[in-house]
Amino acid sequence: MASQKMLGFVHTAQKMPDKRTAEERRQDFAEIYARFTNERANEQANRCSQCGVPFCQVHCPVSNNIPDWLKLTAEGRLEEAYEVSQSTNNFPEICGRICPQDRLCEGNCVIEQSTHGAVTIGSVEKYINDTAWEQGWVKPRTPVRELGLSVGIVGAGPAGLAAAEEMRAKGYEVHVYDRHDRMGGLLVYGIPGFKLEKDVVGRRVQLLADAGVVFHPNFEVGRDAELSELRKRHVAVLIATGVYKARDIKAPGCGLKNIVPALDYLITSNKVSLGDTVEAYESGSLNADGKKVVVLGGGDTAMDCVRTAIRQGATSVKCLYRRDRKNMPGSQREVAHAEEEGVEFVWQAAPEGFTGDDVVTGVRAVRIHLGVADATGRQTPQVIEGSAFTEEADLVIKALGFEPEDLPGAFGSPDLTVTRWGTLLVDHRTKMTSLDGVFAAGDIVRGASLVVWAIRDGRDAADAMHAYAQFETERVALAVAAE
Ligand SMILES: Cc1cc2nc3c(=O)[nH]c(=O)nc-3n(C[C@H](O)[C@H](O)[C@H](O)COP(=O)(O)OP(=O)(O)OC[C@H]3O[C@@H](n4cnc5c(N)ncnc54)[C@H](O)[C@@H]3O)c2cc1C
Ligand code: SF4
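Residues numbered from 1 in each chain as written. Chains lettered and ligands numbered in written order. Predicted model: local features only at pLDDT ≥ 70, side-chain atom pairs only at ≥ 80, totals over all residues. Heavy atoms only, no water.

### Some remarks on the environment of Glu-392
Along the chain, Glu-392 turns up in strand S13 (residues 389-392). C-alpha separation for the pair Glu-392 and Thr-115, spaced 277 residues apart in sequence, amounts to 42 Å. In this structure, Glu-392 is in contact with Lys-292, Val-294, Thr-361 and Gly-362, ignoring residues within four places of it in sequence. Polar contacts involving the side chain of Glu-392 include one to the side chain of Lys-292, which spans 3.3 Å. (Helix = DSSP H or I, 4+ residues; strand = E, 2+ residues; numbered from the N terminus. Contact = heavy atoms within 4.5 Å. Polar contact = N/O pair within 3.5 Å; in protein donor to acceptor, adjacent residues only side chain to side chain.)

### Details of the pairing of strand S11 (residues 362-373)
As paired strands, strand S10 (residues 349-355) and S11 are joined by 6 bridges and run antiparallel to one another. Bridging across to S11, Thr-355 finds its partner in Gly-362. In sequence, S10 turns back onto S11 through a hairpin of 6 residues, with Gly-356 there showing a positive phi of about 130°. Where S11 lies against S13, 4 bridges are found, and the strand directions are antiparallel. Pairing of Arg-364 across the sheet is with Thr-390, part of S13. Sheet topology places S11 next to strand S12 (residues 379-383); 4 bridges connect them, and they run antiparallel. Each bridged residue has a counterpart across the sheet, and for His-369 the counterpart in S12 is Gln-382. (Pairing = 2+ DSSP bridges.)

### Points about the pattern of salt bridges
On inspection of all chains with the given rule, the structure shows 35 salt bridges. Across the pair Lys-170 and Asp-463 runs a salt bridge, and its minimum N-O distance is 3.2 Å. Here the residue Lys-170 occupies a position in helix H9 (residues 158-170), and Asp-463 occupies one in helix H19 (residues 451-482), the gap between them amounting to 293 residues. Judged by its relative accessible area of 43%, Asp-463 is partly exposed. Between Glu-392 and Lys-292 there is a salt bridge; the shortest N-O distance is 3.3 Å. (Salt bridge = Lys/Arg side-chain N within 4 Å of Asp/Glu carboxyl O. Buried < 20%, exposed > 50% of the residue type's maximum accessible area, 1.4 Å probe, protein only.)

### Describing the site of ligand 1
Near ligand 1, the surroundings consist of 34 residues, among which Ile-98, Asp-178, Tyr-244, Asp-304 and Asp-443 are the closest. Within the contact set of ligand 1, a nitrogen atom lies 2.8 Å away from a backbone nitrogen or oxygen of Ile-98. Here an oxygen atom of ligand 1 sits 2.9 Å away from a polar atom, N or O, in the main chain of Asp-443. Residue composition of the shell around ligand 1, grouped by class: 18 nonpolar, 10 polar and 6 charged. (Near = heavy atom within 4 Å. Nonpolar A, V, L, I, M, F, W, Y, C, P; charged D, E, K, R; others polar.)

### Focus: the environment of Asp-210
On the secondary structure map, Asp-210 appears in helix H11 (residues 198-211). With a relative accessible area of 45%, Asp-210 lands in the partly exposed category. Sequence spacing of Asp-210 and Glu-80 is 130 residues, and the spatial spacing of their C-alpha atoms is 23 Å. The contacts of Asp-210, once residues within four sequence positions are left out, are Pro-140 and Thr-142.

### A short note on the packing of aromatic side chains
Overall, the coordinates contain 4 aromatic pairs when judged by the stated rule. Ring plane angle 50° and centroid distance 4.7 Å describe the contact between Tyr-177 and Phe-219, whose orientation is recorded as tilted. With a gap of 42 residues between them, Tyr-177 in strand S2 (residues 173-177) and Phe-219 in the loop between strand S3 (214-216) and helix H12 (227-233) connect regions that are remote in the sequence. Like Tyr-177, the residue Phe-219 is buried in the burial classification. (Phe/Tyr/Trp six-rings, centres within 6.5 Å; stacked < 30°, edge-to-face > 60°.)

### A short note on the sheet that holds S2
Strands sit in the order S3-S2-S1-S4-S16 across an open sheet of 5 strands; the sheet is parallel. Of all the strands in the sheet, the pair left with one neighbour each is S3 and strand S16 (438-440). The sheet shows a mean angle of 20° between the axes of neighbouring strands, direction not considered. Examined bridge by bridge, strand S1 (residues 150-154) and S2 share 5 bridges and lie parallel to one another. (Axes fitted to C-alpha atoms, helices over the stretch in contact; angles between N-to-C directions.)

### What to know about the sheet that holds strand S8 (residues 316-320)
Spatially, S6-S14-S7-S8-S9 is the arrangement adopted by the 5 strands of the open sheet, whose pairing is parallel. Both edges of this open sheet fall to strand S6 (259-261) and strand S9 (344-346), since each of them pairs with a single strand only. On average, each strand axis in the sheet is inclined to that of its neighbour by 25°, with strand direction left out of account. As paired elements, S8 and S9 share 3 bridges and run parallel to each other. Residue Cys-319 lies in a different strand from S9, and its bridge partner there is Phe-345. Its contacts with the sheet place helix H13 (residues 262-273) against S6 and strand S14 (395-398), and it is angled at close to 75° to S6.

Structure (structure tokens):
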């Protein structure tokens, strides 16, 4: 077994005098570790039974050819495995790191169904593609010929970036507008670095720039240009702006200091890890160091907050959620990680108010009983009379979910139709919104979802935009010829 070899190496090294320099030791370890991860990937790839009913592929939103690249990995044909892997996914090493595989590919592996534990598909995907980067196999996808047409993409999250890569490869001049200073959307400013290293996102953004994609940072559509202006500049426009309006809690004391929205907290933490100086972090209002932290909510964002707070040096971290463990929207794997790291979960508890004069000192909460299931099949939370209690807190982080912003208002486009949830209404066959030539993809269409779904949407939208641009070009050419 690879892991035993690895342990053997460490054991021997501890006992024997070592004449190597620190640099030589580092190099040796890097080599051994590379061999170890290689063997581990191989071992996992070999476990795939090539069952012929690839449920893993069916349940992967980008329909990755998982059995094929597992087979190639098992045979040591890594470059070919990489070619297959990248043909369906723009950011495979990112998905390998942060997809909730237990709910997608791995959760549907037939070996998992037969109780022998799924092939660790995500880690093999990460391994193949990290190797491709190390070996220099990953190249910018420059087009064979330029089409002389440009497209505009609003939002540089995974949906916008996947569409940008696809459109550039087809030969379009691609302009990506984002209101942040860095490209990547929630990949860079939402998901913490301990789950997704920022240089892994950065090298992808650089690859797109090398392919010729033009980025416009600090450009907010609605402030720096209206949507109609962008539409005039480009043959087609994609809206991929995500969902950012945080759900809030209205309760006594909710205006106290140190009660903060999750994304403000995570953006600050990510900026600091990228080397920025953020005043709110320095002053302590968005920094958990030395604080008793209470996080409200039970989704993946809440898990990212509790785990970030632990890393920042909080003295205690508690997570209040009104349902029980099995009804949590967040990944069970994330909950397990959080528990291992020392987070305490307070299940079936709902906040009712906050204590403190100027700065928060506690969360007042009540215990919840889960009653009969409602029409959606979920048990209705009911307050248990006389169960009020207070959790001490110096920092309260609200992670209660996200909703779309008012895009028609912000973009100066009242004709942009939204659903009753505020997401953009698109024709699901064409990805086009109610505005001609304006498409949409990612969370702004689905509501808060997953990176891999955003990638899928971005790819689908690119296909539709390409078809639209070709039709339009033909229509204009015919009209000119007819004059
Ligand atoms: C804290 C957190 C953790 C998560 N963890 C995971 C995870 O582990 N795994 C997973 O699969 N998913 C995770 N998700 C969900 C995932 O990040 C999203 O589903 C995905 O990023 C959506 O991609 P998107 O491209 O639609 O939008 P986003 O990534 O939100 O990108 C939208 C971009 O649009 C820009 N923008 C918005 N409005 C404007 C405007 N008016 N003008 C210009 N630019 C604008 C924003 O600045 C942003 O860069 C997480 C989400 C959060 C909040
Ligand atoms: S993209 Fe996500 S769901 Fe698809 S194979 Fe990779 S880890 Fe699994």
